[in-house]
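# Commentary on secondary and tertiary structure
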Amino acid sequence: MPVPAIRIDAVTKSYGSFMALAGIDLEIAQGEFFGLLGPNGAGKTTLISTLAGLTRPTSGKLFVMGCDVVGDYREARRRLGVVPQELVFDPFFTVREMLRIQSGYFGIRGNDDWIDEILARLDLAAKADTNMRVLSGGMKRRVLVAQALVHRPPVIVLDEPTAGVDVELRQGLWHFVKKLNADGHTIVLTTHYLEEAETLCGRIAMLKAGQIVALDSTANLLKRFSRRALRLRLARPELALARGGVANDAGWVEFGFESATEIEPLLAGLRLAGAGLEDIQLGEPDLEQVFVGVMNA
Amino acid sequence: MPESFARWLANAGISAGFRTLFYKEVLRFWKVSFQTLAAPILNALLFLLIFSHVLDRHVTVYGDIAYTTFLVPGLVMMSLLQNAFANSSSSLIQSKITGNIIFVLLPPLSYRSFYAAYTLAAVLRGLFVGLGVWLVALPLVDLPLAQPIWILAFAVLGGALLATFGILAGIWADKFDQLGAFQNFLIMPLTMLSGVFYSIHSLPPLWQQISRANPFFFMIDGFRHGFFGQSDVSPWLSLGVVSACFAMFAILTLALLARGYKLRG
Ligand SMILES: Nc1ncnc2c1ncn2[C@@H]1O[C@H](COP(=O)(O)OP(=O)(O)O)[C@@H](O)[C@H]1O
Ligand SMILES: [Mg+2]
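Below or above, wherever it landed, is the structure these notes cover.

Once that is clear, we can look at the overall build of chain B. On a plain count of helices and strands, chain B comes out with eleven helices and two strands. In sequence order, the secondary structure elements of chain B are arranged as α-α-α-β-β-α-α-α-α-α-α-α-α. In terms of C-alpha radius of gyration, chain B reaches 19 Å, essentially the compact-globule figure of 18 Å for 265 residues. Expressed as a percentage of its 265 residues, the buried residues of chain B come to 56%. Counting only contacts in chain B whose residues sit at least 6 apart along the sequence, the fraction spanning at least 24 positions is 79%. For chain B, the accessible area works out to roughly 11100 Å², and carbon and sulfur atoms hold 69% of it. Both charge centroids of chain B, one from 15 positive and one from 9 negative side chains, sit 15 Å from each other.

Take a look at the structure:
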């Protein structure tokens, strides 16, 4: 079996008496597109920071492509590209200078062909000689992505890369990241946009208060935790409420169900009672329901 | 100039990570050289003009050296030391505050490369400023160069000591005003009281003793020895003191960097 892209063994991180990471075990295989979800303060950034060597774990071990991020930090860092959550930049330099300098830190000389390719693919070529200071937020975000890629890391971690980024850029970015994944890069992603995680990620871990509270393939999570919804608009909704329906804000009565066979008797009963069906909708399960379900469990 | 300089370093076979960080640090002050080089040189020139106008005809040092002539090496060294400190400390605190410090923390740079790059770039800025002050002072005074090897030795060693001190301060401080306090309550008084503006032999005995507890005194006295061939204490003693201070702070700084003190939480 090939070495996992990321292995996290019993990692804790405490700040004083506060546990930001309360014992994380996680393995991510090479080539995965992995999502790390959780509410603000769950510990996503802290976990990424320990992986990147920006923070030392209080206990436990982390490996990138089999390399210990503390004991063998040089090899581990060569294999990891991190797009940080904060929109940081160095105001002294242009985009190209930044990427050349970043290449140099990784010991790579004459990286201009690859830099040009990244710039082109991220739609940054026209800004190559622009000072970082005057770039828009979205452009700065793209440069951070470019910086994470200069050393062609097999494992790429993106910490909320689309926070505060407009729709068009988000689409472009995801297209780019999907391509990286198709080329064999392992992708780990945190995001607040659950629909993005749902469409992109093959597997998802949900983090809450420094612990993993759900870990499964996206398909399984959707199956396991979320029910499909049948929504009805009725002349006499009280009859549906009496049968276990829940009124939503839009004036629909909602029933959860797992199998379509539950629908027929329900509708038959309502018809007999004379509830007066006016309209009908089916709601597909989504990650948001799973997320809310897991977090409230 | 920085581009060809980077090529020169590359050809010298020095680790690419260190080379790049050093190059970046040099480029950083070079790009704003008006503030980082020209301004301190102008500052020193103003000191020189004012002090020489007021004091030159009245004061001589070491018997027959005109005051202005005595003053110039002190000013050169003071500017060199302050700018070496300013370079490493301000670069680090800026990176910490803006968050772009992660650009040097994410790559596989060793803490030794980190230390060496920040120190050498700061020394280089100090040397540029010192050289600039010396050049603008040249037409104003008749400055001998008795033993230039001492000039070079104390310039580099003193610059390295202050650069190291700047790294310590830059790592430790969380805000600009903490760094300002460092500069105003430690570096400035110690430089001012180190004999930049006077020979300590002109002081009462007690103050002479106190001055000898100040490492800046030895840096400036030794540096001045290179120009005049005479000084308040032996340049060998000064060399010993400054080397010992440098070694002590370098070891401390390397140890803190190795632990990731304040940089890797
Ligand atoms: N340096 C620090 N000192 C103290 N607490 C911290 C520090 N860094 C993070 N935390 C705390 O750890 C928790 C997890 O933070 P973080 O990893 O940023 O969460 P997320 O990225 O999931 O939003 C938060 O409660 C945060 O306040
Ligand atoms: Mg975060």
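Back to the write-up after that little detour.
As a further point, take a nonpolar patch on the surface. Together, L42, L46, L49, I50, V54 and L140 of chain B give the surface a local cluster of nonpolar side chains, amounting to about 540 Å² of exposed area. Structurally, the position occupied by L49 of chain B is in helix α3 (residues 33-55).

All names here are of chain A. Relative to strand β10 (residues 211-217), strand β9 (residues 203-208) runs antiparallel, the two sharing six bridges. Considered in β10, the bridge of L207 is made with I212. Counted between consecutive antiparallel strands, the loop separating β9 from β10 contains two residues, among which A209 sits at a positive phi close to 45°.

Residue and element names in this part refer to chain A. Taken together, the protein donors to the magnesium ion (ligand 2) comprise T45 (OG1) and Q85 (OE1), at separations of 2.0 to 2.2 Å. With T45 in helix α1 (residues 44-52) and Q85 in the loop between β6 (80-83) and α3 (95-105), this pair connects stretches of sequence that are 40 residues apart. Classification of T45 as partly exposed rests on a relative accessible area of 31%.

Another aspect to go through is unusual backbone geometry. All names here are of chain A. For A10, which is not glycine, the phi dihedral falls at a positive 50°. Residue placement: A10 occurs in strand β1 (residues 6-15). We classify A10 as partly exposed; its relative accessible area is 41%. Despite not being glycine, M65 shows a phi value in the positive range, around 50°.

Before going further, it helps to examine the interface of chain B and chain A. Many analyses report the size of an interface as the accessible area lost when the parts associate. Across the boundary between the two partners, chain B contributes 31 residues, which contact 29 residues of chain A. Across the chain B to chain A interface the summed buried area is about 2600 Å²; carbon plus sulfur atoms make up 62%. The largest per-residue losses of area from chain B upon contact with chain A belong to F103, L106 and P108 of chain B, which jointly make up 28% of the total buried on that side. At the boundary of chain B with chain A, the tally comes to one salt bridge. Between K31 of chain B and E97 of chain A there is a salt bridge whose closest N-O contact spans 2.7 Å. Applying the counting rule to chain B against chain A returns twelve residue pairs in polar contact (both at pLDDT 80 or more).

All names here are of chain A. One open sheet holds the four strands; their spatial order is β2-β1-β4-β5, and the pairing between them is antiparallel. The sheet terminates laterally at β2 (18-28) and β5 (67-68), the two strands that pair on one side only. Relative to strand β4 (residues 59-64), β1 runs antiparallel, the two sharing five bridges. Bridge pairing in β4 links I8 to L62. Contacting β1, β2 and β4, α1 crosses the sheet at an angle of about 65° to β2.

Tallying each qualifying case throughout the model produces 16 salt bridges over all chains. R203 of chain A is paired through a salt bridge with E32 of chain A; the nearest N and O atoms lie 2.7 Å apart. Here R203 of chain A, found in strand β9, pairs with E32 of chain A, found in the loop between β2 and β3 (33-37); they are 171 residues apart in sequence, far enough to count as distant. Notably, a salt bridge pairs K24 of chain B with E25 of chain B, separated by 3.1 Å at the nearest N-O pair. Through salt bridges with shared partners, a single ionic network connects E117, R121, K179 and D183 of chain A.

Calculation criteria
- Residues numbered from 1 in each chain as written.
- Chains lettered and ligands numbered in written order.
- Predicted model: local features only at pLDDT ≥ 70, side-chain atom pairs only at ≥ 80, totals over all residues.
- Heavy atoms only, no water.
- Helix = DSSP H or I, 4+ residues; strand = E, 2+ residues; numbered from the N terminus.
- Rg over C-alpha atoms; globule rule 2.2 N^0.38 Å.
- Buried < 20%, exposed > 50% of the residue type's maximum accessible area, 1.4 Å probe, protein only.
- Contact = heavy atoms within 4.5 Å.
- Areas by Shrake-Rupley, 256 points an atom, 1.4 Å probe, with all protein chains shown as cover.
- Lys, Arg positive; Asp, Glu negative; His and termini not counted.
- Charge placed at Lys NZ, Arg CZ, Asp CG, Glu CD.
- Patch = residues over 30% accessible without salt bridge, like charges linked within 9 Å, V, L, I, M, F, W, Y side chains within 5 Å.
- Salt bridge = Lys/Arg side-chain N within 4 Å of Asp/Glu carboxyl O.
- Pairing = 2+ DSSP bridges.
- Donors = N, O, S within 2.8 Å, 3.2 Å for Na, K, Ca; no water.
- Buried area = accessible area lost by both parts, 1.4 Å probe.
- Polar contact = N/O pair within 3.5 Å; in protein donor to acceptor, adjacent residues only side chain to side chain.
- Axes fitted to C-alpha atoms, helices over the stretch in contact; angles between N-to-C directions.

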